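Take a look at the letters that make up each chain.
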Amino acid sequence: MAGTNHKLDMRLSMLLDREMPPEEQQELEGLLKEDAQARAAHDILGHGNSRGREIFDDLLKEPVPLDLVRIIKTAPPPRKAVRLPAEERSSLSFRPSPMQAVLGGVLLLALGGGLGFMAGQQVSMPSQALVIESGDWLDDLVAHYRMFSRQPGHLVEMPATDSAAIVEWLLGNTGINFRIPDLSENGLTFEGARLFTAGGQPVGELIYTSAEGEVISILFRKNRPDDDGFSELIRDNIALISWKSATATYVAVGPSSAASLDEVAAKAAGLI
Amino acid sequence: MTTTSGAPLDIRRDFVSLLPRLRRFALTLSTSVDAADELVRLACTKAIIKGQCPSSDHPVTPWLFKLVRSAALETTAKPKKLPALSNAARSPATEQQAIVLGLPTGQASAFLLVEIEGFSYAEAADILDVSSESLVARLCEARTNFAAIAAPTAERRA
């Protein structure tokens, strides 16, 4: 009996959802008209349905934790595999002749001996030559970006209206010859440029903004022998993507939530 | 920021706009409010980081619910102490949350998907990865259990 009641309950529950063939619905509706017990069971299920709806409707009014929203909004999107220019390498394979090998060995010996002599004399080398400042310059980049990206009224030193002057200005101070990339297809508007120092070296900055108000910068400076060669990293919700040419290091900087910074970097690398 | 590849809209916006409903669904799969929020966080961030998104012929909402259900299965398979999102999240369950959390496994989720979210039996069964027969049985039992729960106060009836 209990089994039959359970089966009937299930059919009556399905009737509430109208997920049964029309003829079966009609059969059950006929049963409800004639069978008081079936009607009572149907009423219980209907009451339970209403009560459940009330409960779940109230659940929707619960406030969403703000940190959950923040975590999702700032979750980094996947980095697409984009090809960025690398430093040019010689395509020729190096196969020294015996004489070249001997000369190379002698040269290395002389160089090593000279360095050892100088170290013994405790000559202080210029700090800029030996101290690895790559960490400092990235810190400076991040601090600079964080400060100026929050100042919409003072975003640039030289506006985009005079592109020729920007190129002349930054070339003269960084020693890097460049073109201003047109990133309009990536939804970015060129706003202008800045010049600042990072790690003790002048850095040119081209500043773009998106329709959503995100600030994206393309920075460049002369290569240093002690550059750490990073390609991509995130510091404090700021993403940096780097690439190099024979003479310059370039960095695309933007919020870590920027969905396509890597595409911007790849585009800029091909145009700059 | 648009992409030149014409990629679909940032899925994060869909996640944020559907957060209340996703949390509600996660609650039916969890043992606590904090666990439910952690489930949502896990499902959403995993999908974002992996660049997952529904195909153009699949609606977003059932796909998102499936993500949450998959995260629940993953959490069940590898149980571990889930860190709270923050100290502020450690709040006691409301009466409604406690009712849903107290229902036997599967009933609340079946009821939510069919009666509240409006999925068909087939769609709901697919999201929960159960047979339609199981879904129908759970739905019936949920209605019976809800019927036994009294309304909270007289003001509600007014």
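Residues numbered from 1 in each chain as written. Chains lettered and ligands numbered in written order. Predicted model: local features only at pLDDT ≥ 70, side-chain atom pairs only at ≥ 80, totals over all residues. Heavy atoms only, no water.

Identification of chain B as RNA polymerase sigma-70 factor (ECF subfamily) from Pseudorhizobium tarimense is taken from an unreviewed UniProt entry.

As annotated in an unreviewed UniProt entry, chain A carries the name Anti-sigma factor RsiW and is attributed to Pseudorhizobium tarimense.

> Please clarify how the overall build of chain B should be interpreted in this entry.
Check the secondary structure of chain B and you find nine helices and zero strands. Accessible surface, chain B: about 7700 Å² in total, of which carbon and sulfur atoms supply 54%. (Helix = DSSP H or I, 4+ residues; strand = E, 2+ residues; numbered from the N terminus. Areas by Shrake-Rupley, 256 points an atom, 1.4 Å probe, with all protein chains shown as cover.)

> Please clarify how the overall build of chain A should be interpreted in this entry.
Secondary structure assignment for chain A yields nine helices and seven strands. Burial status across chain A gives 38% buried among its 272 residues. In chain A, the share of contacts with a sequence separation of at least 24, taken over all contacts with a separation of at least 6, comes to 58%. Carbon and sulfur atoms provide 57% of the accessible area of chain A, an area that totals close to 15400 Å². (Buried < 20%, exposed > 50% of the residue type's maximum accessible area, 1.4 Å probe, protein only. Contact = heavy atoms within 4.5 Å.)

> In this structure, what is going on with the pairing of strand E6 (residues 238-244) of chain A? I would like to understand it.
Walk down a regular strand and you will see the side chains alternate between the two sheet faces. Residues and elements named next belong to chain A. Most of E6 sits inside the fold, with seven of its seven residues counted as buried. Here E6 shows a buried face lined by Ile238, Leu240, Ser242 and Lys244 and a second buried face lined by Ala239, Ile241 and Trp243. Sheet analysis places E6 next to strand E7 (residues 248-255), joined by seven bridges and oriented antiparallel. Across the sheet, Lys244 pairs through a bridge with Thr249, a residue of E7. Counting the residues between successive antiparallel strands, the hairpin from E6 to E7 contains three residues. (Pairing = 2+ DSSP bridges.)

> Explain the interface of chain B and chain A to me, please; I cannot follow it from the model alone.
Note: interface size is frequently given as the accessible area lost on complex formation between the parts. Listed per partner, the contact involves 56 residues of chain B and 50 residues of chain A. Here chain B and chain A share an interface that buries about 4500 Å² over both sides, 65% of which is from carbon and sulfur atoms. Applying the counting rule to chain B against chain A returns two salt bridges. With a shortest N-O distance of 2.8 Å, Arg53 of chain A and Glu115 of chain B are connected by a salt bridge. Across the chain B-chain A interface, the total number found is twelve residue pairs in polar contact (both at pLDDT 80 or more). Elements supplying a minimum of two residues to the side of chain B that touches chain A: helix H1 (11-17), helix H2 (19-27), helix H3 (33-49), helix H5 (95-102), helix H6 (107-116) and helix H8 (132-147) of chain B. Here the side of chain B that touches chain A is composed, by residue class, of 29 nonpolar, 13 polar and 14 charged. (Buried area = accessible area lost by both parts, 1.4 Å probe. Salt bridge = Lys/Arg side-chain N within 4 Å of Asp/Glu carboxyl O. Polar contact = N/O pair within 3.5 Å; in protein donor to acceptor, adjacent residues only side chain to side chain. Nonpolar A, V, L, I, M, F, W, Y, C, P; charged D, E, K, R; others polar.)

> Looking at this structure, I do not really get the pairing of E7 of chain A. What am I missing?
All names here are of chain A. Counting buried residues along E7, eight of its eight residues qualify, which places the element largely inside the surrounding structure. Pairing of strand E4 (residues 215-222) with E7 involves six bridges; the strand directions are antiparallel. Paired with Arg221 across the bridge in E7 is Thr249.

> Would you mind showing me how to read the environment of Leu155 of chain A here?
Residues and elements named next belong to chain A. One can find Leu155 in the loop between helix H7 (134-148) and strand E1 (158-159). When its relative accessible area of 9% is taken as the criterion, Leu155 is described as buried. Excluding anything up to four places from it in sequence, Leu155 contacts Phe148, Ser149, Glu191, Arg194, Ile207, Thr209 and Val215.

> Help me understand the packing of aromatic side chains, please; the structure alone is not making it clear to me.
For the structure shown, the criterion picks out ten aromatic pairs over all chains. Relative to Tyr250 of chain A, the ring of Phe220 of chain A lies with its centre 6.3 Å away and its plane at 50°, an arrangement referred to as tilted. Taken together, the residues Phe220 of chain A in strand E4 and Tyr250 of chain A in strand E7 connect sequence positions 30 residues apart. For Phe220 of chain A, a relative accessible area of 1% gives the class buried. Here Tyr250 of chain A falls in the buried class, since its relative accessible area comes to 6%. Plain terms: the ring middles of Phe25 of chain B and Phe65 of chain B are 4.9 Å apart, the flat faces sit at 80° to each other, and that makes the pair edge-to-face. Placement of Phe25 of chain B in helix H2 and of Phe65 of chain B in helix H4 (residues 60-77) is noted, with a sequence separation of 40 residues between them. A residue is classified by how much of its surface remains accessible, and Phe65 of chain B, at 1% relative accessible area, is buried. (Phe/Tyr/Trp six-rings, centres within 6.5 Å; stacked < 30°, edge-to-face > 60°.)

> Just checking my understanding: could you explain the nonpolar core for this structure?
It is characteristic of soluble globular proteins that their nonpolar side chains tend to be buried jointly. Core analysis: the biggest nonpolar cluster contains 63 residues, and Phe56 of chain A together with Phe15, Leu22, Phe25, Leu113 and Phe146 of chain B have the highest contact counts within it. The biggest single contributor to this core is H3 of chain B, with eight residues. Not counting residues up to four positions away in its chain, the partners in contact with Leu113 of chain B are Phe25, Phe65, Gly118, Phe119, Ala124, Ile127 and Leu128 of chain B. (Core = buried A, V, L, I, M, F, W, Y, C linked by side-chain atoms within 4.5 Å.)

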